[in-house]
Amino acid sequence: MFEADVLDVPQQALTGGLPEIPHVDELLREAHARYSADRDGAVATYIPALAAADPELFGLSLTEVDGTVHRVGDTAEHFSIQSISKAFVLALVCESMGHEELHRTVGVNNTGLPFNSVIALELNDGNPMNPMVNAGAIATTAFMPGNTAEEKWEGIRSGLSRFAGRELAVDEQVLASESASNHRNQGISDLLTSYGRLRGRPEEIVEIYTRQCSLLVTADDLAVMGATLADGGTNPRTGERIVSPEVCRDVLSVLAACGMYERSGEWLFEIGVPAKSGVSGGIVAVAPGKGALGAFSPRLDRAGNSVRGQRACAFLSRALGLNLFASIPRPPEETSHG
Ligand code: GLN
């Protein structure tokens, strides 16, 4: 395992704000118009309640770290957060467990396999490796502080609500539907238990995990939740400090490597910011020091990522200068050798 002896070195941060772009609203409208006729992909059906989603819904929301909001389309439409909860539960767990323990017990590497893979566990001696796929996320949920299932759940519900800046509620229909059909996640939990990697009773942990996936959010909420991670852990809607800047850094690095499942490399190549998607069609894309995009549209690619959401994020990443890897050469007179 790679271990760097740098924990005593203070973390400097050199992120800048959003560039002075007066027409952010116009660019959001353009992104929405460009992709709203796009009908590629399909709505998730493996959780029966999700199959009922209106595939035409499409919302784009951007919250800047100073709290400024830009939005277009169906940004107030509620949908279950699904896998995007993994990012924020990880942040809560990371806040209590710390950088090194997270690295050691949950892992921070991409499995390169689909989000519900069982093989990924078998190939790695039961080490979940990646907290953004189901095995790693279920293991992470088990690490929530609390002596009882109720305490752990309440920590998740209230923690994710604080990220959103409003009280989030469970979609009971989605919860019932997934609880009746999540045999695969139950199998993953039993397998984790067989390797001694799950803290607590497997059926109890899967229930909490399924519940966290059923929390209802909007694209506007996702943008606020992401902007909290973009601003060192302070919610731009409420001004409340939710997690530390170090936790934001750690979670965002995991999102960059793993947030879009086995498509994370392609996402980083095209869009260049940490992000997380969920099978109900949401995406949160975070530009550190700038803000976050919340996208929602239910048709998914084969990895389980919203098609319109990805395309709109790609457009906006370019147009707004969000890509972390992009640089522009200085004019010759400004360089020391020019
Ligand atoms: N609740 C879903 C599951 O466990 C979440 C998956 C996802 O959004 N990719 O299958």
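Look above for the structure.
Residues numbered from 1 in each chain as written. Predicted model: local features only at pLDDT ≥ 70, side-chain atom pairs only at ≥ 80, totals over all residues. Heavy atoms only, no water.

Trainee: What am I meant to see in the site of the ligand here?
Mentor: If you check the shell around the ligand, you find Tyr-46, Gln-82, Ser-83, Phe-115, Asn-134, Glu-178, Asn-185, Tyr-209, Cys-213, Tyr-261, Gly-278 and Val-279 and nothing else. Take Tyr-46: an N or O atom from its side chain is 2.5 Å from an oxygen atom of the ligand. Between the ligand and Val-279, the relevant distance is 2.9 Å, taken from an oxygen atom to a main-chain nitrogen or oxygen of the residue. With the chains in place, 99% of the 300 Å² that the ligand exposes on its own is no longer accessible. Of the residues that constitute the shell around the ligand, the class distribution is six nonpolar, five polar and one charged. (Near = heavy atom within 4 Å. Polar contact = N/O pair within 3.5 Å; in protein donor to acceptor, adjacent residues only side chain to side chain. Areas by Shrake-Rupley, 256 points an atom, 1.4 Å probe, with all protein chains shown as cover. Nonpolar A, V, L, I, M, F, W, Y, C, P; charged D, E, K, R; others polar.)

Trainee: Any chance you could explain the nonpolar core here in plain terms?
Mentor: Side chains of nonpolar character tend, in soluble globular proteins, to be buried together. Ranked by size, the top nonpolar core spans 49 residues in total, and within it Ile-81, Phe-88, Leu-160, Phe-163, Leu-222, Met-225 and Leu-229 carry the most contacts. Counting only elements with at least two residues in this core, the list comes to α2 (84-97), α6 (149-164), α10 (219-230), α11 (245-258), β6 (282-287) and β7 (291-296). Top element by residues in this core is α2. It accounts for 10 residues. Excluding its chain neighbours within four sequence positions, the residues that come into contact with Leu-229 are Phe-88, Phe-163, Cys-248, Val-251, Leu-252 and Val-286. In this structure, Phe-58, Leu-62, Val-72 and Leu-293 belong to the second largest nonpolar core, which totals 27 residues. (Core = buried A, V, L, I, M, F, W, Y, C linked by side-chain atoms within 4.5 Å. Buried < 20%, exposed > 50% of the residue type's maximum accessible area, 1.4 Å probe, protein only. Helix = DSSP H or I, 4+ residues; strand = E, 2+ residues; numbered from the N terminus. Contact = heavy atoms within 4.5 Å.)

Trainee: How should I be thinking about the environment of Gly-233 in this particular structure?
Mentor: Topologically, Gly-233 is positioned in the loop between α10 and α11. Assessed through its relative accessible area of 0%, Gly-233 is described here as buried. Through-space distance from the C-alpha of Gly-233 to that of Leu-62 is 17 Å; in sequence the pair is 171 residues apart. Setting aside residues no more than four positions away along its own chain, Gly-233 makes contact with Thr-228, Glu-240, Arg-241, Ile-242, Val-243 and Cys-248.

In short, the description is geometric, and any link to function would need to be established separately.
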